[in-house]
Every structure is written in C-alpha cells, then in structure tokens.
2 protein chains.
Amino acid sequence: MNDVLSWVNHIALAVPDLNTAAARYRESFAATVSEPQPLPDHGVTVAFVTIANTKIELLEPLGDKSPLASFLAKNPDGGMHHICYEVENIIAARDRLMAAGARVLGSGEPTIGAHGKPVLFLHPKDFFGTLIELEEIN
Amino acid sequence: MNDVLSWVNHIALAVPDLNTAAARYRESFAATVSEPQPLPDHGVTVAFVTIANTKIELLEPLGDKSPLASFLAKNPDGGMHHICYEVENIIAARDRLMAAGARVLGSGEPTIGAHGKPVLFLHPKDFFGTLIELEEIN
C-alpha cells in the first residue's frame, strides 16, 4: 500500500517577485491568490493560488539566507521548486525511506515547516531532480 | 471566478530513464506505478504514479525529436517539467489568456495531447519559469 505518496498537499513555485506573480495569476487566470505572508523563520514569503484539488504555493525569497536563493540564482525567472506530499507519520515515513536508501536533507530530523507542521525534504538526486517535501498532517 | 486554474490534472516529472524511476518510486514509497506506455507521436514514454488527488506523470524521452530533449540536456538528472490544469473550453481559455498578454507555444491552435484530449502549452517566461499545460476535459 502506498501510504506516503497519497496526497499532494501543494506544488511550490519559486518566483523572483511575489507581487508581480500574484498579479499575473489574478489577471491571466482570474485566479484567487492569497495575500503574501512573510515567514522570516523560513526565509520565504508565501502566497497561495486557490485550486480545488491541491494548493499552488508561490514562494519568494525573504532575507539573506533564503533556501530559495540558490534556486533563483540558477533559474532567475523562477520555476517549479518542489512537491509536498502529506504523510500520517513522518518518522515512520522517514525511516522507511532511509531504509530504502533515500537521503533526507539536513539533520534528518523533521523541522517545523511553513504551515506549522513537521516537514522533511528528500534529496532531489535520489528522485530524478525533483525536490520532495513530506509534511505530517494529522 | 477562476475557471482555468481549478483542477490540477497532473504534475509531469521528466526522468532520464523511466524504468529506473518507476522502480525507485515503487521501492522507496511503495507507490503504484503504471506500466510504461510509449507515445511515439508525442516523443515520450509515460507512466503514472497513483495519487489520490491528482496524477504524477513520469516522462522519458522517446525518439529523436522528443520535446523533453532540451530539458534533459539542461537537467540531466531530470526534474519537474510542467503542471497540467483542466479546462472546460480550451479555446475560450486560450482567447482570454492571449487577451491578457500570455503567449501560447507553437501555432496557438490546440493539439491532441498524450491523453487524447486537446491541449495547449503556455510560455514559461510568462509564468515565472513554470511550463503550464491546459487540457480540455469534458
């Protein structure tokens, strides 16, 4: 049974300027985009595009140590940054993934993510260039 | 009302080798991955990872003129390739997008996509490096 890849919580898109991106999504698609929310502890400002079956998260770097800095240095226009899957038990998911040979970024311990829930990121080299976030939802 | 960005049909991930990627997703996540399906007319071989709320499409180049060739030349490990949104009327969506200044790739006319439905791609430069596919579902 697949209990890790069951639900895409969000698709994160890095953008160089969040107000410009939010305006473009509103004007081009008549989309509903939330007000930008600065998250200084995470080095990002975030806004959500309303979608029925998942979330689109627009991310702009915030501060000097943003985790988006290197991505935007490589992709100055922005681009698709990561996919976040919901998991029921992040420790169990991590342990099974590590047993299968996948690498977890950072210390290996979950941190509290931008939505206030425990998160981990998997090494994109282990998943063909796609950065995967796991977020514990319960 | 947002009638274009309402439902993510799939998130497409380009991979250099589909069998390797499918095996990794099965082994690491205990995911269900469909058998690879060659689509020579589209220059891709495709497999789907089963997810509850959307689809993850793994794409491998097929043939000499694959639309993935330049992406994989730039990203040899693979990476996140595009997001596909469902639309009810692709001509109406296209016309509104073009009126808002967005560029449609190719001739501007819908083609029949990998799932047998009319599709269009929007220029990633107009959406901050994210390639957006629109697929008419009705």
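Residues numbered from 1 in each chain as written. Chains lettered and ligands numbered in written order. Predicted model: local features only at pLDDT ≥ 70, side-chain atom pairs only at ≥ 80, totals over all residues. Heavy atoms only, no water.

A few words on the overall build of chain A. For chain A, the helix and strand inventory stands at three helices and eight strands. Its helices and strands in sequence order give chain A the pattern β-α-β-β-β-α-β-α-β-β-β, from N to C terminus. With the C-alpha coordinates aligned to their principal axes, the bounding extent of chain A is approximately 45 × 35 × 25 Å. Here the analysis covers contacts within chain A between residues at least 6 apart in sequence; of these, 52% occur between residues at least 24 apart. Carbon and sulfur atoms form 54% of the exposed surface of chain A, whose accessible area is close to 6200 Å². Each charge class in chain A was averaged separately, 10 positive and 17 negative side chains, and the resulting centres sit 5 Å apart. (Helix = DSSP H or I, 4+ residues; strand = E, 2+ residues; numbered from the N terminus. Contact = heavy atoms within 4.5 Å. Areas by Shrake-Rupley, 256 points an atom, 1.4 Å probe, with all protein chains shown as cover. Lys, Arg positive; Asp, Glu negative; His and termini not counted. Charge placed at Lys NZ, Arg CZ, Asp CG, Glu CD.)

In total, this model carries ten salt bridges over all chains according to the counting rule given. Of the charged contacts, one joins Lys125(B) and Asp77(A) as a salt bridge, the two residues approaching to 3.0 Å between their closest N and O atoms. One end of the pair, Lys125(B), is in the loop between β7 (118-122) and β8 (132-136); the other, Asp77(A), is in the loop between α2 (69-74) and β5 (79-87), on a second chain. Measuring nitrogen to oxygen at the nearest pair gives 3.1 Å for the salt bridge that ties Glu109(A) to Arg94(A). Of this pair, Glu109(A) sits in the loop between α3 (90-99) and β6 (111-112) while Arg94(A) sits in helix α3, and the two are 15 residues apart along the sequence. According to the relative accessible area criterion, Glu109(A) is partly exposed, its value standing at 47%. (Salt bridge = Lys/Arg side-chain N within 4 Å of Asp/Glu carboxyl O. Buried < 20%, exposed > 50% of the residue type's maximum accessible area, 1.4 Å probe, protein only.)

A word on the UniProt feature "domain: VOC" (unreviewed entry) in chain A. In this structure's numbering, the residues bearing the UniProt feature "domain: VOC" (unreviewed entry) are residues 7-137 of chain A. Counted over residues 7-137 of chain A, helix gives 21% and strand 34%. Its end C-alpha atoms are 10 Å apart. (UniProt positions renumbered as here; feature names shortened; annotations may be inferred.)

Our next topic: the sheet that holds strand β8 (residues 132-136) of chain A. Residue and element names in this part refer to chain A. Ordered in space as β2-β3-β4-β1-β5-β8-β7-β6, the eight strands form an open sheet in which the pairing is mixed. Every interior strand has two partners, whereas the edge strands, β2 (37-39) and β6, have only one. Summarising the sheet, strand β3 (residues 44-50) and strand β4 (residues 55-61) pair through seven bridges and their orientation is antiparallel. Among the inter-strand pairings, Val44 is bridged to a residue of β4, identified as Pro61. (Pairing = 2+ DSSP bridges.)

The next thing to look at is the pairing of strand β1 (residues 8-14) of chain B. Residue and element names in this part refer to chain B. Most of β1 is tucked away, with seven of its seven residues classed as buried. Relative to strand β5 (residues 79-87), β1 runs antiparallel, the two sharing six bridges. Bridge pairing links His10 to Cys84 in β5. As paired strands, β1 and strand β4 (residues 55-61) are joined by four bridges and run parallel to one another. Its bridge partner lying in β4, Ala12 is registered against Glu57.

Time to look at the pairing of β4(A). Taken residue by residue, a regular strand's side chains alternate between the two faces of the sheet. The buried fraction of β4(A) is high, at five of seven residues. Where β3(A) folds back on β4(A), the antiparallel hairpin that results is connected by four residues.

When chain B is fitted to chain A, the residual RMSD is 0.0 Å, and the transformation amounts to a turn of 180° plus an axial shift of 0.0 Å. Taken together, the turn and the small shift mark the pair as related by a two-fold rotation axis. An overlap of 98% is found between the interface residues of chain B and their copies at the interface of chain A, pointing to a shared contact surface. (Least-squares fit on C-alpha atoms with pLDDT ≥ 70 in both.)

A few words now on the interface of chain B and chain A. Contacts between the two partners involve 48 residues from chain B, matched on the other side by 47 residues from chain A. Summed over both partners, the interface of chain B with chain A comes to about 4000 Å²; 65% of that surface belongs to carbon and sulfur atoms. Between the two partners, chain B and chain A, sit two salt bridges. Along the contact surface separating chain B from chain A lie 13 residue pairs in polar contact (both at pLDDT 80 or more). Where the side of chain B that touches chain A is concerned, the elements lending two or more residues are β1, α1 (18-29), β3 (44-50), β5 and α3 (90-99) of chain B. (Buried area = accessible area lost by both parts, 1.4 Å probe. Polar contact = N/O pair within 3.5 Å; in protein donor to acceptor, adjacent residues only side chain to side chain.)

Residue and element names in this part refer to chain B. Taken in spatial order, the eight strands of this open sheet run β2-β3-β4-β1-β5-β8-β7-β6, and their pairing is mixed. Both edges of this open sheet fall to β2 (37-39) and β6 (111-112), since each of them pairs with a single strand only. Most of the contacts of α1 go to β4, to which it runs at about 150°, and overall it touches β1, β3 and β4. (Axes fitted to C-alpha atoms, helices over the stretch in contact; angles between N-to-C directions.)

Tracing the chain through its elements places Thr130(A) in the loop between β7 (118-122) and β8. Judged by its relative accessible area of 1%, Thr130(A) falls in the buried class. The residues contacting Thr130(A), other than those within four sequence positions of it, are Ile83(A), Pro124(A), Leu13(B), Gly79(B) and Met80(B).

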